[in-house]
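Here's the letter readout for the chains.
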Amino acid sequence: MRTKLPIIAGIVMAPVCVLGLLWQQSFIWLVCPQALVVMFLRQAQHSYDSLGAADYPDLITALFYYPVVGWILSRASRGGRFKSVALRVLLYHVITIVMAIFFAKMRNKLWGVN
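Below or above, wherever it landed, is the structure these notes cover. Residue numbers run consecutively from 1 along every chain, following the written order of its sequence. Under the rules for a predicted model, residues below a pLDDT of 70 receive no local features and side-chain atom pairs below 80 are neither given nor counted, while totals for whole chains, interfaces and linings still include all residues. Computation of side-chain values: all heavy atoms of the structure, hydrogens and water removed.

The next subject is the packing of helix α3 (residues 33–45) against helix α5 (residues 82–111). In the contact formed by α3 and α5, the axes pass within 8 Å of each other and the chain directions differ by 25°. It follows from the interaxial angle that α3 and α5 lie roughly parallel. Considering the relative orientation of α3 and α5, their crossing is left-handed. Together, Pro33, Gln34, Leu36, Val37, Phe40, Leu41, Gln43 and Ala44 of α3 and His93, Thr96, Ile97, Met99, Ala100, Phe103, Ala104, Met106, Arg107, Leu110 and Trp111 of α5 make up the contact between the two elements. The nonpolar class holds Ala, Val, Leu, Ile, Met, Phe, Trp, Tyr, Cys and Pro. Asp, Glu, Lys and Arg form the charged class, and all remaining residues, Gly among them, are polar. Residue composition of the contact of α3 with α5, grouped by class: 14 nonpolar, four polar and one charged. Only the contacting stretch of a helix is used when fitting its axis, a line to C-alpha atoms as for every element, and angles between N-to-C directions run 0 to 180 degrees. Going along the chain from the N terminus, every DSSP run of H or I of four or more residues is numbered as a helix, and every run of E of two or more is numbered as a strand. For this classification, under 35 degrees means roughly parallel, over 145 means roughly antiparallel, 65 to 115 means roughly perpendicular, and everything else is oblique. Helix crossings get a hand from a simple test, with the near helix turned counterclockwise from the far one by less than a right angle marking a left-handed crossing and a clockwise turn marking a right-handed one. Pairs of residues are marked as contacts when any of their non-hydrogen atoms sit within 4.5 Å.

Listed below in structure tokens is the structure:
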């Protein structure tokens, strides 16, 4: 059962990310920055969106990110590499938070929002 826990946690986190994006909650900056990076890149490529709301690519990223990470951590746990893989996932998550902040500033600069 212990190796299935990351998969279960990933499945539970998926709706949290999707609903947080749909309701534009601030905790998404920490919970699901991967979807924000996709959103800000998409929005920077198009004209101003008055809602600044999530669209299908962002929601798909939010829906599948944590189940995939859970699957990866579960496989790492079975292989005895959980700690090293979990540290890499944490590092990539922190890097993505920084990227989300950068891309949000880039988007706001392109839109002329201060």
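Next comes the rest of the account.
Before going further, it helps to examine the side chain of glutamine 34. Mapped onto the fold, glutamine 34 is located in helix α3. Here glutamine 34 is in contact with Thr61, Tyr65, His93 and Thr96, once residues within four sequence places are set aside.

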